[in-house]
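# Coordinate inspection notes
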Amino acid sequence: MKLWKSTLALAALGAIAASSQAADKPDGTRWWSHVRFLADDALEGRNTGTEGHRKAAAYVAEAFAKAGLKPAGTDGYFQPVSLHSTALDESQSSLSLVRNSGTETLTLGEDANIGVRVEPVPALDAELVFAGYGLSIPEADYDDFKGLDVRGKVVVYLSGPPPSIPGPLAAHMQSAHERARVLSHLGAIGLVAIANPKNMDIPWERSTLARLMPAMRLADPALDESHGQKITIAVNPALADKWLAGSGHTFTEILEAADAGKPLPHFPIPARLQVKAAVKRAAVESQNVAAVLPGTDPTLKDEYVVFSAHLDHLGVGKPIDGDSIYNGAMDNAAGIATMLEIATTLKESGTALRRSVLFVAVTGEEKGLLGSRYFATRPTVDARKIVADINVDMFLPLFPFKLLTVYGMHESDLGEDVVTVANGLGIASQPDPEPKRNLFIRSDQYSFIRVGVPSLALKLGFEKGSPEEKIAKEWLTKRYHAPSDDLDQPVDKQAAAEFDVLVAKLLERVANRDARPRWKDDSFFKRFAK
Ligand SMILES: [Zn+2]
């Protein structure tokens, strides 16, 4: 190696050889080196606002600088993001159901949990009403609140979409801010969500371990999305019948109706909800990291194709099998590694780009897409010039890359771009095969969609019933948001490298389009376009 570096000419030859080798037969070595740094125990799970996240942000900024990209933050490569954090003081909080027959005190952590993403009021006493899926979707002629008076009441509902509502529309209407907006409009003051066990990514037993972790909100009051809701509660589905007692309905009956695609019942619950909630608050500073690879077209270079991925993960939490560091190797050190790999290869290769490509590593995704919301609403470039967002979150390179799953495939003409690019690489593409999981609104592309930017999210796909499906499902059950999403797991680095090539080619294609991307005329999300 040292000999190779001894003359400039030889060094240049070496670089060319290395980069053409990287382009012809990428093996994922450099990609994995980024994952290794970011998911190392030393970074303690990169929780938003922690030293571990700051170290990760510094690493990303350094990699951008090394790749020769220009800073695109407000403070060099960084965009500071101010947050408020709220944690429940469970010892000072309680939840009970008050019936004529007496008061049933629920066990927090076991029966139900009080959410803190919307800050709960200190005390509340309210009527409860069960309202199906708790949704009102005029464009689909669907209304769970028809003939139901929810004013001053707390709405109990089954999580998940009603059948026959298209995936993206259903997903949007189920987002926290949209639910809060609709409920406030109807006069409801809070919500109680009962998960459908069939749609739970994380079993209750594991999700409840994280209940005392602080939730966060953007500090900027203009970006508050609680719409005045006073309480949010998540119910353990295994113990959901406690909430329905005396109503003449059971949770089994409701689940059976949901599974059969039948309408869900709507009924008053003969119990009052009494809540005491004490919280601990703190101010938190975190950061997005942004860099730009400038385009070359005299006019189009002022337009930006965003590549986003979240840098944060869950930090240190309740130990599982003796491990308390939630490393987030696949979620989403892998996506940031893809960003750094592409930033480096696009710059190295000197690929001609008409538009600029803006790389944004965002914070606060796990806290509710906060960093991307902040960037999308307070962008460091002219908001009107952001023409597309391509997001990569948990793309799961756990098996060979043969099929690409494209979230938002039929929503904008970016769908045609990605299919063309994938075909050129011999990769088949499919739209979201599991629209009920709402993945189109569950990562940072959604923050860009909400400000009108046509967006896609990409992952490795698999066929139904295939061994790959089994691997992905097992990963979700065992490692998703668990300490075992660490460096000690089987990863297909070759697949990751091939995925990186595809994303790079997609960015190149979108950057070089004549016209900026457009939502489809029949896309629900077109309404957000300015
Ligand atoms: Zn996650």
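Residue indices follow the written sequence of each chain, beginning from 1 at its first position. In keeping with the predicted nature of the model, local features appear solely for residues at pLDDT of at least 70, side-chain atom pairs appear and are counted solely at 80 or more, and the whole-chain, interface and lining totals rest on all residues. Each side-chain value is worked out from all heavy atoms of the structure, with water and hydrogens disregarded.

So, on to the layout of surface pockets. Grid points spaced at 1 Å and placed over the protein atoms alone form the basis of the search, with a cavity being a set where a 1.4 Å probe fits but cannot get out and a pocket an open set showing protein on both sides within 12 Å along at least five of seven lines. Lining residues have an atom within 4 Å of a point. Grid points are joined across faces, edges and corners, and a volume is the space filled by probe spheres set on the points. The calculated volume of the second largest pocket comes to roughly 380 Å³. Val451, Gly452, Arg516, Ala529 and Lys530 are, among the 18 residues lining the second largest pocket, the residues nearest its centre.

Okay, the pattern of salt bridges next. Only one rule defines a salt bridge in this text: a Lys or Arg side-chain nitrogen within 4 Å of an Asp or Glu carboxyl oxygen. All chains considered together, the criterion is met by 32 salt bridges. Arg281 is the salt-bridge partner of Glu119, the closest N and O atoms lying 2.6 Å from each other. Here Glu119 is found in the loop between β5 (112-114) and β6 (123-131), whereas its partner Arg281 is found in strand β14 (residues 279-293), with 162 residues between them in sequence. Glu119 gets classed as partly exposed once you look at its relative accessible area, which sits at 22%. For the salt bridge of Lys198 with Asp259, the shortest nitrogen-to-oxygen distance reads 3.1 Å. Separated by 61 residues along the polypeptide, Lys198 in the loop between β10 (190-194) and α6 (204-207) and Asp259 in helix α8 (residues 251-259) bring together distant segments of the chain. Only runs of H or I of at least four residues qualify as helices and only runs of E of at least two qualify as strands under DSSP, and these elements are numbered from the N terminus. Only protein chains enter the calculation, and the probe is 1.4 Å; a residue is then buried if its accessible area is under 20% of its type maximum, exposed if over 50%, and partly exposed in between.

For the rest of this paragraph, the subject is the environment of Leu124. By the secondary structure assignment, Leu124 is in strand β6. What Leu124 contacts, discounting residues up to four positions off in sequence, is Val154, Ile189, Lys230, Ile231, Leu273, Gln274 and Val275. Note on contacts: a residue pair qualifies if any of its non-hydrogen atoms lie within 4.5 Å across the two residues.

Moving on to the pairing of β10. Judged by how many residues are buried, β10 sits mostly within the fold: 5 of 5 residues are covered. Residues Gly190, Val192 and Ile194 of β10 are buried on one face, and the alternating residues Leu191 and Ala193, pointing to the opposite face, are buried as well. Any two strands are treated as partners once DSSP identifies two or more bridges connecting them. Across 5 bridges, the pairing between β10 and strand β12 (residues 231-235) is parallel. Looking across to β12, one finds that Gly190 is bridged to Ile231.

So, on to the packing of aromatic side chains. Put simply, two rings from Phe, Tyr or Trp (the six-membered ring, in Trp's case) pair if the centres are within 6.5 Å, and we call them stacked under 30 degrees between planes, edge-to-face over 60, tilted for the rest. Within the structure shown, the criterion is met by 17 aromatic pairs. A centroid spacing of 6.3 Å and a plane angle of 85° characterise the contact between Phe399 and Phe462, whose relative ring orientation is edge-to-face. Here the residue Phe399 occupies a position in the loop between β19 (386-391) and β20 (403-407), and Phe462 occupies one in the loop between β22 (455-460) and α13 (467-478), the gap between them amounting to 63 residues. Summarising the burial analysis for this pair, Phe399 and Phe462 share the class buried. Judged by centre distance (6.3 Å) and plane angle (80°), the rings of Phe524 and Phe528 are edge-to-face. An aromatic cluster is built from Trp31, Trp32, Phe395, Phe401 and Phe499, whose rings are joined through pairwise contacts.

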